[in-house]
Structure formats: C-alpha cells, structure tokens
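Each chain, written out:
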Amino acid sequence: QVQLVESGGGLVQPGGSLRLSCAASGRTFSRDTMTWFRQAPGKEREFVASIGWGNSRIVYSEAVKGRFTISRDNAKNTMYLQMNSLNTEDTGVYYCAGRVGTLIVSAVRQSEQYPYWGQGTQVSVSS
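All figures in this text were calculated on a predicted structure; none of them were measured in a lab.

A. A look at the environment of G101. Secondary-structure assignment places G101 in the loop between β9 (92-100) and α1 (105-108). Among all residues touching G101, those that are not within four sequence positions of it are R31, D32, T33 and W53.

B. The pairing of strand β3 (residues 18-25), seen in detail. Two elements, strand β1 (residues 3-7) and β3, share five bridges in a ladder whose sense is antiparallel. Within β3, the residue paired with V5 across the bridge is A23. Across six bridges, β3 lies against strand β8 (residues 78-83) in antiparallel orientation. Paired with A23 across the bridge in β8 is T78.

C. Just the side chain of T33, in detail. Residue position: T33 is located in strand β4 (residues 32-39). Within polar-contact distance, the side chain of T33 engages the backbone oxygen of G101 at 2.6 Å. Excluding residues that lie within four positions of it along the chain, T33 makes contacts with S50, I51, G52, A97, G98, R99, G101, T102, L103, V108 and Y114.

D. Broad picture of the sheet that holds β1. A sheet is described by the order of its strands in space; here four strands give the open sequence β1-β3-β8-β7, paired in antiparallel fashion. Of all the strands in the sheet, the pair left with one neighbour each is β1 and β7 (68-73). Taking each pair of neighbouring strands and ignoring which way they run, the sheet shows an average axis angle of 15 degrees. Where β7 and β8 come together, six bridges link them in antiparallel fashion. Paired with F68 across the bridge in β8 is M83.

Calculation rules
- Residues numbered from 1 in each chain as written.
- Predicted model: local features only at pLDDT ≥ 70, side-chain atom pairs only at ≥ 80, totals over all residues.
- Heavy atoms only, no water.
- Helix = DSSP H or I, 4+ residues; strand = E, 2+ residues; numbered from the N terminus.
- Contact = heavy atoms within 4.5 Å.
- Pairing = 2+ DSSP bridges.
- Polar contact = N/O pair within 3.5 Å; in protein donor to acceptor, adjacent residues only side chain to side chain.
- Axes fitted to C-alpha atoms, helices over the stretch in contact; angles between N-to-C directions.

Here's what the structure looks like:
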C-alpha cells in the first residue's frame, strides 16, 4: 500500500524546463528524507537532490546546483523537482526515494539508504 509515484517527465529541447512530482501514499512521509536520483543509458545511477523532513537540509549534486530546485508540500505528501536550463546530459530516468528520519550529507547521496522507491519518470533533452 505504501507507494511513491513520479510524474512530470517528458521531452524538451536544451534550455527548457520541466517540473517533476513525487506523490506518496499509504502513510505520511512528512518526517522522511526525500531524494531524487537519475540514471542515463550506459551510466551509473547518480544522486540529484535531497530535502529533509523539516526542510532543514537541502543538498544538490554539483551537476545540477544552480539549475534545479527541490521542494516539498507535506500537506499534499508530495515532493517536487523544478528543472531549468536543461541540457542533454540531464537525460535519464528520474527516481523518487524516501527514508524515515534524517541522514548525514554523505549518506543522503547513497541509493542503498532508501527503502522506498518510485518506478521512475523519463526525462529526455534533445534538439
């Protein structure tokens, strides 16, 4: 019954924008650390951005810092990723992940720390 569902992916041109959503159900995720990962064809899965349960910690990868903005709305049990100035290297499947409580910065980037995952949403950046 516990579910994370991503949405908002699609095809955009370089320089364009997309807004991804991750909707949680089955229980409240208000006290969870929630994080975005992505994986491009032929590449390893990589950390994108994370937000703490109290909005007390926001962490971005160097690849997206300054272009992406992570946020959450606990009343809606939903996390968002606003992606601006997209380039072809942003192409991949974007996954939502959650974990109860807090994580130190080094651990928040590790996919094995998260017991809850969505199915992913495809983001394609191409001219």
